Amino acid sequence: MTSLAVHADQPVEGVPLVLLHAFPLDSSMWSPVLPALRGIPVVTIDAPGFGDAPPREHAGLEEYAHDVVVAVRELGHDQAVIAGLSMGGYIAMAVAEATPGVLAGIGLLSTKAAADAEPAREKRLAMAAAADRGEPDLAVPMLDGLLGETSRDRRPDLVDDVRERLRTAPAAGIAWAQRSMAARPDRLAALSALPEGVPALVLRGAQDALMSDGDASAMAAALGAEVVEIADAGHLAALEAPDAVAAALSDLYRRAIG
Ligand code: MLT
């Protein structure tokens, strides 16, 4: 049994669309996207230490990716369309590397295949150590980087919502995720090695301050896909432009499943 928290609003009949959330949020970040995905068997999953999922001692995106595959099998399916935003995308790429046959399609939103440079890795490990010490409000300074300028200027409710998500982000989840992300390798080769014909989506908010145009283009080139760019959205495109993200996910699902 997987120890992840797996959420589905309906019996999962048909190949699932699995949605994996960003750091340091939880599966509820997909809520604004779900109404426009009605009719598709969507499954959302909380990463270890976030939402309803128990924390883990041992860092490792690969173990989490393995458990996502186990969850798909426990739902009675050999394959799924797996889409992740940012940290969720790192997981989808870890699945692509370890168990490519599970992927009926792959969606990479606001993410990158490259590993961290050393300064970024050190910053992550420092944040993990601060989380271990119980320092409060560690994730709140991420706010400006997570939302595009349009959201920051014009959507005070969304700014408040994301600030609250960051303020309440669980320390154990933060520590696990930062150590896990610090250790992740470059996975561009895993994308290039996917069997030809696996449908792919690469999506980026035009105002994303964390993932560059080059990051998205590199993944798209490896997958033989085009980048879908969402105007007026930043890193958290699923919260900032849920209808556009849902349309891109529906299109991916239709290409994968017909
Ligand atoms: C996320 O949104 O999941 C994070 O920005 C990912 C990261 O820290 O690399």
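Here the structure is shown first, and the text comes after it.
Starting afresh in each chain, residues are numbered from 1 along the sequence in its written order. The predicted nature of this model means local features are confined to residues of pLDDT at least 70 and side-chain atom pairs, given and counted, to a pLDDT of 80 or more, with totals for whole chains, interfaces and linings taken over all residues. Hydrogen atoms and water are omitted, and side-chain values are computed over all heavy atoms in the structure.

Chemist: I would appreciate a short explanation of the side chain of Glu 240 in the present structure.
Modeler: Secondary structure counts use DSSP, requiring at least four H or I residues in a row for a helix and at least two E residues in a row for a strand, with both numbered from the N terminus. Summarising the element assignment, Glu 240 is placed in helix 10 (residues 237-240). For Glu 240, which is buried and forms no salt bridge, the nearest opposite charge comes from Arg 155, at a distance of 6.3 Å. In terms of polar contacts, Glu 240 uses its side chain to reach the side chain of Ser 151, at 2.5 Å. Residue contacts are counted whenever heavy atoms from the two residues lie within 4.5 Å of one another. The residues touching Glu 240, leaving out its near neighbours within four places in the chain, are Leu 146, Leu 147, Gly 148, Ser 151, Arg 155, Leu 158, Asp 232, Ala 233, Gly 234 and His 235. Buried residues are those whose accessible area, probed at 1.4 Å on protein chains only, stays under 20% of the maximum for their type, while exposed residues exceed 50% and partly exposed ones sit between those limits. When charges are counted, Lys and Arg are positive and Asp and Glu negative, with His and the chain ends excluded. The working definition used for a salt bridge is a side-chain nitrogen of Lys or Arg within 4 Å of a carboxyl oxygen of Asp or Glu. What qualifies as a polar contact is a pair of N or O atoms within 3.5 Å, subject to a donor-acceptor requirement within protein and to the restriction that residues adjacent in sequence count only when both atoms come from side chains.

Chemist: What is the right way to look at the site of the ligand in this model?
Modeler: With respect to spatial proximity, the complete set of residues near the ligand consists of Ala 22, Phe 23, Ser 86, Met 87, Tyr 90, Arg 124, Met 181, Leu 210 and His 235. Between the ligand and the protein, one listed contact pairs an oxygen atom with a side-chain N or O atom of Ser 86 at 2.8 Å. Taking Arg 124, its side chain carries an N or O atom lying 2.6 Å from an oxygen atom of the ligand. In the complex, 92% of the free accessible area of the ligand, which totals 270 Å², lies under the protein chains. It suffices for a single heavy atom of a residue to lie within 4 Å of a molecule or strand for the residue to be listed as near it. For the accessible areas, the method is Shrake-Rupley and the probe is 1.4 Å, while residue cover comes only from the protein chains on display.

Chemist: Could you clarify how one ought to interpret the pairing of strand 5 (residues 103-109) in this entry?
Modeler: A regular strand carries its side chains on alternate faces of the sheet. When you tally the buried positions in strand 5, you get 7 out of 7 residues, the bulk of the element. A pair of strands is considered paired only if DSSP assigns at least 2 bridges between the two. By the bridge criterion, 6 bridges tie strand 4 (residues 80-85) to strand 5 in an arrangement that is parallel. Directly across from Val 81, in strand 5, lies its bridge partner Gly 105. Each parallel crossover has a hand, and the one from strand 4 via helix 2 (residues 87-98) to strand 5 is right-handed. When strand 5 meets strand 6 (residues 200-205), the two strands line up parallel, connected through 4 bridges. Looking at the pairing, Leu 108 lines up with Val 202 of strand 6. A clockwise path from the first strand over the helix to the second, with the strands pointing away from the viewer, defines a right-handed crossover.

Chemist: It is not clear to me how the layout of surface pockets should be interpreted in this structure. Could you clarify?
Modeler: Gaps between atoms show up when a probe of the same size as a water molecule is rolled over them. The rule is simple: put a 1 Å grid over the protein atoms alone, call a set of points where a 1.4 Å probe fits but cannot get out a cavity, call an open set with protein on both sides within 12 Å along at least five of seven lines a pocket, and count a residue as lining if it has an atom within 4 Å of a point. Grid points are joined across faces, edges and corners, and a volume is the space filled by probe spheres set on the points. Reported here for the largest pocket is a volume of approximately 630 Å³. At 4 residues, helix 3 (residues 118-132) tops the list of elements feeding residues into the lining of the largest pocket. Throughout, the ten residues Ala, Val, Leu, Ile, Met, Phe, Trp, Tyr, Cys and Pro are labelled nonpolar, Asp, Glu, Lys and Arg are labelled charged, and all others, Gly among them, are labelled polar. Of the residues belonging to the lining of the largest pocket, the class tally is 12 nonpolar, 4 polar and 4 charged.

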